[in-house]
Amino acid sequence: GGEGGGEGGGEAGGEGVECALSPPEQRALLGLLHGYYSTVSDGLVAAHSELRSIERSNQKALLARGELSEEAAAAHERARKAHERVLTAARAMGEPLGVPLPSLSAGGDEEEEKKESVVVSLSTSANADDGESGGGLYADAEERAFYEQLPDLRAVLPAVLFSEEGDADTSGLEEAMRRLPSCSSRREVDDLASELTMRGLRSARRPLVRALLSPPASAADAPRCYARLAAVLSGAFKHVGSEVGSLVAAEFEQLAERPEQDLPARLRNAAYVGELVRFGLVSPPSVFGMFKACAGAFSAAQLGVVVALLEACGRFLHASPASHERMDAMLGALSQLRSVHRALPPDLLAELDAAIAACRPAEEIEARAAPELPPLQRYVLHLLHEQLTAGTAEVVVRQ
């Protein structure tokens, strides 16, 4: 190409390359491209809305029945793939044209979620007073901020950090990840999330996922800090949160296959599962399945795991409107199991009692208090629950 490329030659054809189109033709072509991009953008918004609608319907089905039909799962997968295809096309067109992607936090979508009374929302509660009366999702405003106020990394960091192109700063990422076990506050977790993103996390997500699977046993705050980091990064890199949640839940099942072995690892895993539930990275139906599995083979080891789950997410599930009814039934079932398995260690039974009580507001516990029974009924219950054994059956019958 010659140097005299004509007006707009460098702009349309690249530096040192003459454009074959005249300026009017270039403007016409650019107008066509912008028009086509507008059509693609509209398609992206529609695909996003459809995907969110299916996700809300599936969430209701999961909470109601604990599982999805094959048809519902297939519909979600089709909608997800369609959304990904349109999103990829929109990005491929938008970047050369220098135009941003359309906003996918659609107001209409948010309104629909508000209308859905069973949608799991970290910002809704049965008692919206931050727990001041003892019945909310959180004990205080600081705890609420830890679980709800997550930074939007895509809104504050350059868009190029979230593309699939470019190399990661491997040594910088490794150095940053080494600081993960020492994080103990919301600020430290959020700062680390930003640094990991800036050092090229987009192309090195798997090492981080592996690091997020095992909070150190030596740090009491580690499970909730690891869970927050997974949740923050999940807002920008969708697969981080889903992979951490599914892998930690799978570890729970693997450890349950040898319930009496490595109990400390089971307890750590259960505490971490509970924190991931509070950030929405493990679903309520999944954790109810864990409760059920432990209750089905009630032993001292299983009881310890149940207590760890209750302490980590029991109150949250009981206070959340979407899971309140099912959690309340689970607490009742655990109370009945506790009355049947009187031979278990008294200290563990006391821990279970305390964990169940902590899940319910004080006023609800008072309302559930059993009425005073007549002396004869109390005596019969005393014989059945405290005196009756294989060796005393004949004596008790005579009573």
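Structure: see above.
A short tour of the structure in this document, coming up. Computed from a predicted model, the values in this text were never measured in an experiment.

Scoring rules and cut-offs
Residues numbered from 1 in each chain as written. Predicted model: local features only at pLDDT ≥ 70, side-chain atom pairs only at ≥ 80, totals over all residues. Heavy atoms only, no water. Helix = DSSP H or I, 4+ residues; strand = E, 2+ residues; numbered from the N terminus. Expected span 1.5 Å × (residues − 1). Buried < 20%, exposed > 50% of the residue type's maximum accessible area, 1.4 Å probe, protein only. Arc of directions from axis to C-beta. Contact = heavy atoms within 4.5 Å. Disulfide = S-S within 2.5 Å. Axes fitted to C-alpha atoms, helices over the stretch in contact; angles between N-to-C directions. Left-handed = near helix turned anticlockwise from the far one by under 90°. Nonpolar A, V, L, I, M, F, W, Y, C, P; charged D, E, K, R; others polar. Phe/Tyr/Trp six-rings, centres within 6.5 Å; stacked < 30°, edge-to-face > 60°. Lys NZ or Arg CZ within 6 Å of the ring centre and 35° of its normal. Salt bridge = Lys/Arg side-chain N within 4 Å of Asp/Glu carboxyl O. Patch = residues over 30% accessible without salt bridge, like charges linked within 9 Å, V, L, I, M, F, W, Y side chains within 5 Å. Areas by Shrake-Rupley, 256 points an atom, 1.4 Å probe, with all protein chains shown as cover.

**Structural notes on helix α16 (residues 346–359)**
- Between its terminal C-alpha atoms α16 stretches 20 Å, which fits the 20 Å expected from 14 residues at 1.5 Å a residue.
- For α16, the complete set of buried residues consists of Leu348, Leu349, Leu352, Ala355, Ile356 and Cys359. For α16, the buried positions fall inside an angular range of 120° around the axis, keeping them on one side.
- Elements that come into contact with the buried residues of α16 comprise α14 (300–319) and α15 (324–340).

**Notes on the state of the cysteines**
- Taken as a whole, this structure holds zero disulfides when the rule is applied.
- Of all cysteine sulfurs, the one in Cys359 lies closest to Cys313, which takes part in no disulfide; the gap is 8.2 Å.

**Topic: the packing of helix α11 (residues 238–256) against helix α12 (residues 263–278)**
- Relative to each other, α11 and α12 sit at 150°, their axes nearing to 10 Å. Where α11 crosses over α12, the handedness of that crossing is left-handed. Listed contacts from α12 to Val244, Gly245, Val248, Glu251, Phe252, Leu255 and Ala256 of α11 are Ala265, Arg266, Asn269, Ala270, Tyr272, Val273 and Leu276.
- The class makeup of the residues in the contact of α11 with α12 is ten nonpolar, two polar and two charged.

**Notes on the packing of aromatic side chains**
- Taken as a whole and judged by the stated rule, the model has five aromatic pairs.
- Ring centres of Phe146 and Tyr147 lie 5.2 Å apart, and the angle between their planes is 75°; on these two criteria the pair is classed as edge-to-face. For the pair Phe146 and Tyr147, a shared accessibility class is recorded, and that class is buried.
- Geometrically, the ring pair formed by Tyr147 and Phe279 is tilted, given 4.9 Å between the ring centres and 40° between the ring planes. Placement of Tyr147 in helix α5 (residues 141–148) and of Phe279 in the loop between α12 and α13 (284–296) is noted, with a sequence separation of 132 residues between them.
- Its relative accessible area of 6% is what places Phe279 among the buried residues.
- Following the ring pairs from residue to residue traces out a cluster consisting of Tyr138, Phe146, Tyr147 and Phe279.
- Positioned above the aromatic ring of Phe146 is the side chain of Arg224, whose terminal nitrogen or guanidinium carbon lies 3.9 Å from the ring centre.
- The ring of Tyr147 has Arg278 lying over it, and the distance from NZ or CZ to the ring centre is 4.0 Å.

**Thoughts on the pattern of salt bridges**
- Evaluation of the coordinates by the stated rule reveals 15 salt bridges.
- Notably, a salt bridge pairs Glu77 with Lys81, separated by 3.9 Å at the nearest N-O pair. Note that Glu77 and Lys81 are positioned in helix α3 (residues 70–97) at a spacing of four residues, about one turn of the helix.
- Judged by its relative accessible area of 28%, Glu77 falls in the partly exposed class.
- Since its relative accessible area comes to 41%, Lys81 is described here as partly exposed.
- The shortest N-O distance in the salt bridge between Arg224 and Asp221 comes to 3.8 Å.
- When its relative accessible area of 24% is taken as the criterion, Arg224 is described as partly exposed.

**Observations regarding the packing of α14 against α15**
- Here α14 crosses α15 at 145°, and the two axes come no closer than 10 Å. Handedness of the α14/α15 crossing: left-handed. When α14 is examined against α15, the residues Val306, Leu310, Gly314, Leu317 and His318 are found in contact with a partner set consisting of His324, Met327, Asp328, Leu331 and Leu334.
- Looking at side-chain class alone, the contact of α14 with α15 contains six nonpolar, three polar and one charged residues.

**Brief notes about a nonpolar patch on the surface**
- Taken together, the side chains of Leu21, Leu29, Leu30, Leu32 and Leu33 make up a nonpolar region of the molecular surface, amounting to roughly 430 Å² of accessible area.
- Structurally, Leu30 is set in helix α2 (residues 23–65).
- When its relative accessible area of 42% is taken as the criterion, Leu30 is described as partly exposed.

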